[in-house]
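Residues per chain are reported as follows:
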Amino acid sequence: MAAVEKPVSQVNTTLRRPVARTEAAHLIRPRSRVPESLRILLRNPVSIAGMLIVLGFVIVAILAPVLAPPAIPSEPFQIPRDGYQAEPRPPSARHLLGTTQGQYDIYYGIVWGTRTAFEIGMIVTGLTVLIGGTLGAVSAYAGGMVDEVVQRIVEIVLAFPFLLAALVLATVLAAKIHNGLVTGMIALTAFGWPGYARLIRGDVLAVKEREFVLAAHCIGARGPRILFRHILPNAMYSLLVVGSLDIGTYVLTFAALSFLGLGAEQGYADWGQLLSFARNWIPDLARFWYIVVFPGAALLLFVLGWNLIGDAFRDALDPKMRGIRGA
Amino acid sequence: MTQYIIRRLLILPIVLIGLSVLIFAMLQALDPVERAALYVTSPPKNPSALADIIQKYGLDEPIYLQYVHWLNRVIHGNLGWSKTAQMPVLGALVNYFPATLELALWSFIPIIVIGVWLGIQAAIHHDGIIDQFARVFSIIGYSFPTFVFGLLMLMIFYAALRWLPPGRLSDWATAIVYSSEFHRYTGMNTLDALLNNRLDIFGDALRHLVLPALTLAYVNWALILRVTRSSMLDVIRQDYITVARAKGLPERLVTNRHARPNAMIPVATIGGLLLVGLLNGVVITETVFNYHGMGWWAANAALNFDAVSVLGITLFDGALLILANLVVDVMYAYLDPRIRLA
C-alpha cells in the first residue's frame, strides 16, 4: 500500500486532506513552545529508545573503519569477496554473519551499509525539504497564479504512485548515469518533495497574516526579505521535524529500489542490495536464513529508530494528547 | 455539492494529461536509438533495422509531435501493445487488475476488523497494557520493510514448513481455471471458484493469498489502528459522553452506541484511501510473492523500459486515485453533516 511504500510526508498530506485546514492552526505555535516539546521527548521512554537506536547506528557508521577494516582502503564501500562460489555460506569465524551469494561478506556489508544509509537518508531528505520547502513557501507567499500553478504541479506529482514513479525515473536515468546510488537518490528526490510543499504552504499562509509581517511591510522591507527572514523562520518548524523524521522512510524506499535491482550496484555496501540476493534463493531460505535475517534486521532497526522518535514527537506536538491520563 | 463534484471531475483530465507529459518528458532522457530498442526483442540483423523502427514509430520527431500521435491513439482507445504482458495494454489491465483487487480485498478485511477493534481497545484503556502493546505492534509493523517481512514469511511458511507457496495458483489449478469448463466471471480466483462451485480451487487460491495478504495487512495495520485510537480518544472526552455516563448508562453502551459511531467517521475515509493505496502500491509485495497482478506488471514494465505499459498503468492508477479521493471527500461530508464542501 502506498502508506508503506511512500514517504510519511506524502501519506499524511493525502490522508489528512479533509481535515488539514482545521489542523493547520495548531501546527503553528510560538517558538517558546519548542523547548517544551523537546523536554517531553526526553522524558518519553519510547523516544529515548528510538534515539538510542539511531545513536547506535551513528557510532557504527563512525567506527566502520575499525569495526570492519576495508581490504582496499581507497574503496571501502566495495564488499570484500571470499571466492566466487554462488551458494551462500553460514556464519563462521572468518565471516561473522556468513556470506551471501557470490561470497560477499554480510558483516562487512552491514557495517559499511550504515554509512550508505545515513548518506542516502540525509541527502534525499535535505534536497526534498529544500525543494519542497522553497516551492511551497514561495507559492504561498506569492499567491495568485504562482500558487495556482505550483499547486496543480503538486497535485499531478502526487497522483503518480510514488514507487512506480521512482522506478521509471531510476530506470531511465540508469541508461545515462552509471551510478545506481545517484540515480536512486535523484528518483526519490524528484517525487518526494510535493508533500513538503503542501506542509509548508499551510504554515506560511498562517504566519503571513501576523502583525510582525505587516510591520516589516510598513518599514519598507521587500518580498524576498520578508519571506526568508521574517516568515520562514517562524513557519518552518513542522517542516524540519517532519522532514528529518522521514530519513528512515527514504532509506526504506531506497532499499526497495535496490531490492528491485535499481539502486546500488552489486557488491556495494548497501542493505537493500545485500537483501536483493535473497530473491534468488527463496525456496532455500530455510537453509540460508542469514542472508535475509541480518541485513533485514539492520534495515528494520534503522527505520524503527527514526519512527520511534517521530511517534513521540507527534504526540509531543499534539496538544490534545498532552498530559491526559485515562479516559 | 453537485457543483463541487463537477469541479473536481474537471480536474481529472488535466491531471491525467499532466501525468502523461511527465512520463514523456522522462523518456526523453533516452535518445532515439535507445528508444527504438524498446521495440525490438532480439539484436537487429542489419544495421538499417533500427533506423527503420525510428522511422516507423516517428521516434526522431520532435517530442510534442510524438506526444500528439500518442494522445490521438489513446483517445481512439488504443493504449498500445505491452511488451512485458505480451498483450494489448487494455487487455493486460483487464487481466491484472482483478488479481490486485482480490489481494487488496483479502488484506483489507483483516486490516479493518483487527485495526478498528485494537484501536478502540487502545483508546478505552488509554496508556494501559493494550494501548502499549498496540503501539509497539503498530510501530514495528509500520517500520518493517515490506520485502523483508515478505521474505521472512516465505522463509518460514514456504521454505521451512512448505505450507504456503508463492505465486497465484498451483499448476493443476491454473489448468482448470483457464479451461473452458471454468467460467471466469470476475477474474478474482477465490470468487470465481465459489461461483463455479469448486472448493478445491478456492482452497488453492486462498493458500496462495494468505502470505501476501498477511504481509500487506501487517505493514498497514498501524494506520487504521492509530486513526481509530486517536479519533476514539477525541470522542470519549466530549461532553455528551460525560452526559451519557452521568445518566447511568453502562460503560459498554456508552462505548458501543454513543462513542463508536462518531469515532468511525475519520476511519471510514482513511479506510477508503487505504484501499486505493493497496490497489496502487502493491509493487513490492506482488514482486516478492511472484503474484501476477498490477504491481508485478508495473515493476516488470518499469525495469524493462516498457514505456507503453508504464503509461497505461500510470494513467489508470492516477485516475483511480483522483476518483477515490473524490468519493472519500463526498462520503466524509455525507457521514458528518458538519462538513460542508465548497
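Bear in mind that the values here come from a model prediction, so they are computed numbers and not experimental data.

1. Looking at the overall build of chain B
In step 1: Tallying secondary structure elements over chain B gives 15 helices and 2 strands in all.
In step 2: Dimensions of chain B along its principal axes, counting C-alpha atoms only, are 90 × 55 × 40 Å.
In step 3: Partitioning the intrachain contacts of chain B with sequence separation of at least 6 by distance along the chain shows that 71% fall at a separation of at least 24.

2. Looking at the overall build of chain A
In step 1: Each helix and strand counted, chain A has 17 helices and 2 strands in total.
In step 2: When the 327 residues of chain A are sorted by exposure, 49% land in the buried category.
In step 3: Of the contacts formed within chain A by residues at least 6 apart in sequence, a portion of 71% connects residues at least 24 apart.

3. Focus: unusual backbone geometry
In step 1: In the Ramachandran plot, Gln-103 of chain A falls in the positive-phi region, its phi being about 60 degrees despite a non-glycine side chain.
In step 2: As for its position among the elements, Gln-103 of chain A is in the loop between β1 (99–100) and β2 (104–105).
In step 3: Positive phi, normally seen in glycine, also occurs at Asn-290 of chain B, with a value near 50 degrees.
In step 4: Take Asn-290 of chain B: it is sitting in the loop between α13 (283–288) and α14 (294–303).
In step 5: On the basis of neighbour counts, which here come to 16 C-beta atoms within 10 Å, the residue Asn-290 of chain B falls in the partly exposed class.

4. Overview of the packing of helix α9 (residues 162–174) of chain A against α14 of chain B
In step 1: At a minimum axis separation of 8 Å, α9 of chain A and α14 of chain B run at an interaxial angle of 20 degrees. Classed by the angle they form, the pair α9 of chain A and α14 of chain B counts as roughly parallel. Once α9 of chain A is placed against α14 of chain B, the crossing between them reads as right-handed. When α9 of chain A is examined against α14 of chain B, the residues Leu-164, Leu-167, Val-168 and Thr-171 of chain A are found in contact with a partner set consisting of Ala-298, Ala-299, Ala-302 and Leu-303 of chain B.
In step 2: Classifying every residue of the contact of α9 of chain A with α14 of chain B by side-chain character gives 7 nonpolar, 1 polar and no charged.

5. Focus: the interface of chain B and chain A
Buried accessible area, meaning the area lost when the parts come together, often serves as the stated size of an interface.
In step 1: With 63 residues of chain B in contact, the opposing surface of chain A contributes 50 residues.
In step 2: Considering only residue class, the side of chain B that touches chain A consists of 45 nonpolar, 12 polar and 6 charged.

6. A short note on the packing of helix α5 (residues 89–124) of chain B against helix α6 (residues 129–143) of chain B
To characterise two packed helices, one gives the angle between the axes of the helices and the distance between these axes.
Residues and elements named next belong to chain B.
In step 1: Contact geometry for α5 and α6: axes closest at 7 Å, N-to-C directions at 135 degrees. Here α5 lies oblique to α6, going by the angle between them. Here α5 runs over α6; the crossing is left-handed. Two secondary-structure elements touch here, α5 through Leu-118, Gln-121 and Ala-122 and α6 through Ile-130, Asp-131 and Ala-134.
In step 2: Here the residues of the contact of α5 with α6 are counted per class, giving 4 nonpolar, 1 polar and 1 charged.

7. Regarding the confidence of the model for chain A
Residue and element names in this part refer to chain A.
In step 1: Confidence along chain A averages 82 in pLDDT terms, with 84% of residues attaining 70 or more.
In step 2: The lowest-confidence element of chain A is helix α2 (residues 8–16), averaging 40 in pLDDT; the highest-confidence one is helix α7 (residues 106–142), averaging 93.
In step 3: Contacts for the low-pLDDT stretch residues 1–26, under 50 throughout, to residues beyond four places or in other chains number 62 contacts.
In step 4: Contacts from residues 319–327, a stretch scored under 50 in pLDDT, to residues over four places away or in other chains number 11 contacts.

8. Focus: the nonpolar core
Nonpolar side chains tend toward joint burial in soluble globular proteins.
In step 1: In this structure, Ala-166, Leu-167 and Val-251 of chain A together with Ile-224 of chain B are the most contacted members of the largest nonpolar core, which totals 188 residues.
In step 2: Per element, the largest residue contribution to this core is 19 residues, and it comes from helix α10 (residues 199–236) of chain B.
In step 3: The contacts of Leu-167 of chain A, once residues within four sequence positions are left out, are Leu-260 and Leu-262 of chain A together with Ala-299 and Ala-302 of chain B.

9. Topic: the environment of Leu-169 of chain B
Residues and elements named next belong to chain B.
In step 1: Mapped onto the elements of the fold, Leu-169 is located in the loop between α7 (146–160) and α8 (171–177).
In step 2: You can call Leu-169 buried: it has 20 C-beta atoms within 10 Å.
In step 3: Expressed as a C-alpha distance, the spacing of Leu-169 and Leu-206, which sit 37 residues apart in the sequence, is 8.8 Å.
In step 4: With residues near it in sequence (within four places) discarded, Leu-169 still touches Thr-174, Val-177, Asn-189, Asp-204, Ala-205 and His-208.

10. Some words on helix α12 (residues 251–280) of chain B
In step 1: With 30 residues, α12 of chain B should cover 44 Å at 1.5 Å per step; its first-to-last C-alpha distance of 41 Å lies within 8% of that length.
In step 2: At Arg-260 of chain B, α12 of chain B shows its maximal kink, close to 50 degrees; a proline, Pro-261 of chain B, follows between one and four residues later.

11. Remarks on the environment of Trp-193 of chain A
All names here are of chain A.
In step 1: Mapped onto the elements of the fold, Trp-193 is located in the loop between α10 (180–192) and α11 (194–208).
In step 2: Taking the number of C-beta atoms within 10 Å as the measure of exposure, Trp-193 has 25 and is therefore buried.
In step 3: With 36 residues separating them along the chain, Trp-193 and Val-157 place their C-alpha atoms 9.2 Å apart.
In step 4: Once residues lying within four places of it in the same chain are set aside, the contact partners of Trp-193 are Thr-128, Ile-131 and Gly-132.

12. Some words on the confidence of the model for chain B
In step 1: On average, residues of chain B score 84 in pLDDT, and 94% of them reach the 70 mark or higher.
In step 2: The complex prediction reports pTM at 0.84, with the ipTM value standing at 0.84.

13. Some details on helix α12 (residues 211–218) of chain A
In step 1: For α12 of chain A, a buried count of 0 out of 8 residues is recorded, marking the element as mostly open to its surroundings.
In step 2: Backbone geometry just downstream of α12 of chain A places Gly-220 of chain A in the positive-phi region, at approximately 90 degrees.

The rules behind the values
- Residues numbered from 1 in each chain as written.
- Chains lettered and ligands numbered in written order.
- Predicted model: local features only at pLDDT ≥ 70, side-chain atom pairs only at ≥ 80, totals over all residues.
- Helix = DSSP H or I, 4+ residues; strand = E, 2+ residues; numbered from the N terminus.
- Contact = placed C-beta atoms within 7 Å.
- Buried ≥ 20, exposed ≤ 12 C-beta atoms within 10 Å, placed from the backbone.
- Axes fitted to C-alpha atoms, helices over the stretch in contact; angles between N-to-C directions.
- Parallel < 35°, antiparallel > 145°, perpendicular 65-115°, else oblique.
- Left-handed = near helix turned anticlockwise from the far one by under 90°.
- Nonpolar A, V, L, I, M, F, W, Y, C, P; charged D, E, K, R; others polar.
- pLDDT = per-residue confidence, 0-100.
- Core = buried A, V, L, I, M, F, W, Y, C linked by C-beta atoms within 7 Å.
- Expected span 1.5 Å × (residues − 1).
- Bend = angle between axes of the 7 residues up to and from the residue.

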